[in-house]
Amino acid sequence: HSHSHFRVMAAAPAPVVAAASKAPAMGSLGGKKGETYRDTKIKADVRTSNMEAAKAVADAVRTSLGPRGMDKMVAAPNGEVIITNDGATILKKMNLEHPAAKMLVDLSHSQDVVAGDGTTSVV
């Protein structure tokens, strides 16, 4: 299945897709798959990268929470526009590259399947 690229427009200060994908992916660190990183600097960089990606995803949906939660306008390059305050929908429409960010989206989807609610709170 093909995913189209979406931009989240609303309270997020910068496009979330750019913020979440600027962190380096695990494969770009130069190590082989499954290789243990002994270099402390690389471990710190990976940790920081994961935290930045998670924060970017959380920032995208944070303002849609609560009684004063705002709606988000999600625009696709093809002109399709969705207005929603559902965290699961917002996350589903985002095109993410970073593994930690993708994991948060998967976690939100699992929460939706199991409980049917709390998808934004999980993030």
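One structure accompanies this document, and this report is about it.

Procedures and definitions
- Residues numbered from 1 in each chain as written.
- Predicted model: local features only at pLDDT ≥ 70, side-chain atom pairs only at ≥ 80, totals over all residues.
- Heavy atoms only, no water.
- Core = buried A, V, L, I, M, F, W, Y, C linked by side-chain atoms within 4.5 Å.
- Buried < 20%, exposed > 50% of the residue type's maximum accessible area, 1.4 Å probe, protein only.
- Helix = DSSP H or I, 4+ residues; strand = E, 2+ residues; numbered from the N terminus.
- Contact = heavy atoms within 4.5 Å.
- Pairing = 2+ DSSP bridges.
- Patch = residues over 30% accessible without salt bridge, like charges linked within 9 Å, V, L, I, M, F, W, Y side chains within 5 Å.
- Areas by Shrake-Rupley, 256 points an atom, 1.4 Å probe, with all protein chains shown as cover.
- Salt bridge = Lys/Arg side-chain N within 4 Å of Asp/Glu carboxyl O.
- Expected span 1.5 Å × (residues − 1).

### Examining the nonpolar core
Thinking step 1. Counting residues in hydrophobic clusters, the biggest one holds 11 residues: Ala-53, Val-57, Ala-60, Val-61, Ile-90, Leu-91, Met-94, Leu-96, Ala-101, Leu-104 and Val-105.
Thinking step 2. The biggest single contributor to this core is helix H2 (residues 40-62), with four residues.
Thinking step 3. Ignoring sequence-local partners within four residues, the contact set of Val-105 consists of Leu-91 and Leu-96.

### A short note on the pairing of strand E3 (residues 81-84)
Thinking step 1. Across the two faces of E3 the burial differs, with Ile-82 and Thr-84 buried and Val-81 and Ile-83 not buried at all.
Thinking step 2. Hairpin connection between strand E2 (residues 72-75) and E3: a loop of five residues separates the two successive antiparallel strands, and Gly-79 in this loop has a positive phi of roughly 100°.

### A look at a nonpolar patch on the surface
Thinking step 1. On the surface, a nonpolar cluster with roughly 270 Å² of combined accessible area is contributed by Met-73, Val-81 and Ile-83.
Thinking step 2. With respect to the helices, strands and loops of the structure, Val-81 is situated in strand E3.

### A closer look at H2
Thinking step 1. Between the first and last C-alpha of H2 there are 32 Å, a value that for 23 residues agrees with the 33 Å anticipated at 1.5 Å per step.
Thinking step 2. Of the positions making up H2, those classed as buried are Val-46, Ser-49, Ala-53, Ala-56, Val-57, Ala-58, Ala-60 and Val-61.

### Structural notes on the pairing of E2
Thinking step 1. Relative to E3, E2 runs antiparallel, the two being bridged by four bridges. By the bridge assignment for E3, Ala-75 is matched with Val-81.

### Focus on the pattern of salt bridges
Thinking step 1. Here the structure, examined in full by the defined rule, presents three salt bridges.
Thinking step 2. Between Asp-59 and Lys-55 there is a salt bridge; the shortest N-O distance is 3.4 Å. One end of the pair is Asp-59 and the other is Lys-55, both in helix H2 and four residues apart, which spans about a single turn.
Thinking step 3. Put simply, Asp-59 and Arg-62 hold a salt bridge, and the shortest N to O gap is 2.4 Å. Residue Asp-59 and its partner Arg-62 are located together in helix H2, separated by three residues, close to a single helical turn.
Thinking step 4. Shared partners join several salt bridges into a network, and the residues in it are Lys-55, Asp-59 and Arg-62.

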